[in-house]
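# Survey of secondary and tertiary structure
Spelled out, the chains give:
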Amino acid sequence: MSDSTNEAAGERVVALTVNGDSVRRLCPSSRTLLDFLRVDLGLNGSKHGCDVGDCGACTVLVDGIPRLSCITLAVEVEGLAVRTIEGAGPDEARIVAAFDEHVASQCGYCTPGIVLCLSHLYSEDPAADDEAIRQALGSNICRCTGYTKILAAARAASQREASQPAQGGSDE
Amino acid sequence: MLPLPTFEYAAPTTVLEASRLLGTPGSRLVAGGTDLLVSMKHRLFEPRLLVSTRRLGLRGVSVADGVLSVGAGTTLREVARHPTVLEHLPSLAAACRTVATPTIQGMATLGGNLMLDTRCLYYNQPAGWRASLGYCLKREGTVCHVAPKGRGCYAAHSADTVPALWLLGAEAEFVSVRGVRRIPVSSMYHDDGMAWLRLEPDDVLTAVHVPLAGRAVGHRKLRTRQAIDYALVLVAVRAPVDGGLWSAVVSSVSPSPIFVEAATPADLAEAAFRACQPLSTHLPAATWRKKMVRVEVARAAAALTSA
Ligand SMILES: Cc1cc2nc3c(=O)[nH]c(=O)nc-3n(C[C@H](O)[C@H](O)[C@H](O)COP(=O)(O)OP(=O)(O)OC[C@H]3O[C@@H](n4cnc5c(N)ncnc54)[C@H](O)[C@@H]3O)c2cc1C
Ligand code: SF4
Ligand code: FES
Ligand code: FES
C-alpha cells in the first residue's frame, strides 16, 4: 500500500508481480503496461497492435481478468498480479495445442491475446458454447485467419460434451 | 506508435483530496482509462497531472431501501453481472454489455461512462490526421467540419449506459470541496459538444443511484459491428404505467441525449424521428441515421410490448 510519491517528478516506483515473479522498477508515469512489459522487462509475447484499444493484441491478465495493456498505465497496476503469454500454464497449453491442430494461427500476432481471453473464458465457463466464445472473442481482431479456424480451435479446447456445429450468428 | 504525453500522477486516498487536486489547472481524473488514455494518445488532452480513482474506494454495488447504488469506480463488467441488476434492471445490464468489447467492459467504469467525452469523426483521430485538416473547433481549430456555418460543436453524446439510466430515474452523486450533491442523470448534460457536462472540473462522481421499482425499460444500440464500435443510434424506451405516456431517450445523434414522450409506440417513434437531427459526425449517412432513429425506437417499444 506504500504510496511511492517521493521520486523525481513524473517517475515512480512500480512494484507488481509478473508471471509470479516480483518486479520493482522506476518508471515514468506515462509508461503503458505494454511498454513496461516489452521494453522494461523484455517480455515480447504481448503484441503491439493498434495502440488504442481496438484490437486486443496487447491483452494480458491482471488479477485474472483480461486487460488491454496498451491503454493501461504501469503505475495503475501497482500491487497487482499480471500474467502474460510467457506465463502460460497447462490451461493455456491446451488452447495452444488446439490452435496448432486446427491451424488457427497464421502470422500469430493476435494469438497471445486470444489465448489469454479464452483461458479466462474457460476459467469461468469450462464448457463455453459457441455463443460465449464468439462474445469473448469480440475483443480480439485477427487479420489473417478469417476466424473460422480460431472458432474451431476454441470449440475443441472447450470442455463441452457435444460440440454444436458453427452457425451464422448475428454478428456476421 | 502513439506515445502518451508526459504527466505527473497521483493516487489520493480520499475523494476530498482528489477534488482538491482536480481544482488545480491541467489536472484530470483517470478511472479505467479506456477513453482518457486513447484521447491522450491522440493529443486531445495533455493533462499536467492525472489523478487516479483507484484508491478512492469507489468500487462496489449495494442495495438499500429499494435503491441500487453503484460506486463510480465499479467496472461495467461488475455492474452487468450483479444479481440485483440482472433481476431488476436488465436494461442497465444490457447497456453495459454493449460497450466496446468484453475486455474493455472489465476495465471501464460506470463513472467514466457517464463522464465520457462527446465524439466526432473529425475529433477522435490521431493528432497528425487532425493537423492535416487544420484541426476543428472542439480542439485547436477554428472551424467545424460537420457544420461549417453552424453555431458550435455538434460532437455526439456516446455513452451507452446513459439513455437507460436516464429513463430508470437514476441520480448521480458528486463530491467536491464545496460539498455533496445529487443530480438526476436526466439533467447532467448540455446540448453543446464542447461543454456537454453541467459540472465543474473538481466534481468527483462517486456513485450512481438507481431506483429498483422503475418501469420496464428497453435498450437498443445500432452499430456497424456487434463489438468494438460506438453507437450510430442509441435508444432507450420506457413503457407507460396507468395510462401515462411512452418515453424515449435517443443518443449518439447530438451532444446531449434527446428525450421525447408520446401516447403510443408509433407516435413515440415519430416524435423521436422529428426531434433528432443527426449530422455527419459519423461515417454512415446522417439521413440514414435519422431514419434509423424511428426504426430503433419502434423496435425497442415492440420488444417491451411483447415482453
Ligand atoms: C475500442 C473502444 C471502444 C469503445 N466503445 C464504447 C462504446 O461502444 N460505448 C461507450 O459508451 N463507450 C465506449 N468506449 C469508451 C469507454 O471505454 C467507456 O465509455 C468507459 O465506460 C469509460 O470509462 P473509464 O473508466 O475507462 O473512463 P476514463 O477513460 O478513465 O475516463 C473518461 C472520462 O471520465 C472522467 N471520469 C472518470 N471517472 C470519473 C469520476 N469518478 N468522476 C468524474 N469524472 C470521471 C475522466 O476524467 C475522463 O474525462 C470505447 C473505448 C474504446 C477504447
Ligand atoms: S462537430 Fe465540428 S467542432 Fe465538433 S468535433 Fe466534429 S468537426 Fe469538430
Ligand atoms: S494494441 Fe492494445 S488493443 Fe490494439
Ligand atoms: S493470425 Fe495473423 S492476426 Fe491473427
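In this text, all values refer to a predicted model and were calculated from it rather than measured experimentally.

### Comments concerning the overall build of chain A
Regarding its fold elements, chain A presents five helices and five strands. Secondary structure elements of chain A occur, N-terminal to C-terminal, as β-β-α-β-β-β-α-α-α-α. Burial status across chain A gives 50% buried among its 172 residues. Considering only contacts in chain A between residues 6 or more positions apart, those separated by 24 or more positions represent 54%.

### Here's the deal with the sheet that holds strand S8 (residues 204–211) of chain B
Residue and element names in this part refer to chain B. Here we have five strands laid out as an open sheet, ordered S4-S5-S8-S6-S7, and antiparallel in their pairing. The sheet terminates laterally at strand S4 (61–64) and strand S7 (179–184), the two strands that pair on one side only. Strand-to-strand, the axes of this sheet are offset by a mean angle of 25°, without reference to chain direction. Of the strand pairs in this sheet, S4 and strand S5 (residues 67–71) are connected by four bridges, and their pairing is antiparallel. In the sheet register, Val-61 faces S5, and the bridge partner there is Val-70.

### Describing the site of ligand 2
Taken together, the residues surrounding ligand 2 are Cys-120, Tyr-122, Tyr-123, Cys-136, Leu-137, Lys-138, Cys-144, His-145, Val-146, Cys-153, Tyr-154 and Ala-155 of chain B. Residues that form the shell around ligand 2 fall into these classes: ten nonpolar, one polar and one charged.

### A look at the pairing of strand S10 (residues 233–238) of chain B
Along any regular strand, the residues point their side chains to alternate faces of the sheet. All names here are of chain B. Among the six residues in S10, six count as buried, and that is most of the element. On S10, burial covers both faces: Val-233, Val-235 and Val-237 on one face and Leu-234, Ala-236 and Arg-238 on the other are all buried. Looking at chain direction, strand S9 (residues 217–222) and S10 are connected through six bridges and run antiparallel. Looking across to S10, one finds that His-219 is bridged to Ala-236. Alignment of S10 against strand S11 (residues 246–251), held across five bridges, turns out to be antiparallel. Each bridged residue has a counterpart across the sheet, and for Val-235 the counterpart in S11 is Val-250.

### Looking at the side chain of Asp-229 of chain B
Among the structural elements, Asp-229 of chain B can be located in the loop between S9 and S10. Apart from residues no more than four positions distant in its own chain, Asp-229 of chain B is found in contact with Lys-221, Arg-223 and Thr-224 of chain B.

### Regarding the pairing of S8 of chain B
Residue and element names in this part refer to chain B. Among the eight residues in S8, seven count as buried, and that is most of the element. With five bridges connecting them, S5 and S8 associate as antiparallel partners. Paired with Val-67 across the two strands is Pro-211, which belongs to S8. Two strands pair when backbone bridges link them, and strand S6 (residues 171–176) and S8 are joined in this way by five bridges, in the antiparallel orientation. Looking at the pairing, Glu-171 lines up with His-209 of S8.

Reading the values: rules and limits
- Residues numbered from 1 in each chain as written.
- Chains lettered and ligands numbered in written order.
- Predicted model: local features only at pLDDT ≥ 70, side-chain atom pairs only at ≥ 80, totals over all residues.
- Heavy atoms only, no water.
- Helix = DSSP H or I, 4+ residues; strand = E, 2+ residues; numbered from the N terminus.
- Buried < 20%, exposed > 50% of the residue type's maximum accessible area, 1.4 Å probe, protein only.
- Contact = heavy atoms within 4.5 Å.
- Pairing = 2+ DSSP bridges.
- Axes fitted to C-alpha atoms, helices over the stretch in contact; angles between N-to-C directions.
- Near = heavy atom within 4 Å.
- Nonpolar A, V, L, I, M, F, W, Y, C, P; charged D, E, K, R; others polar.

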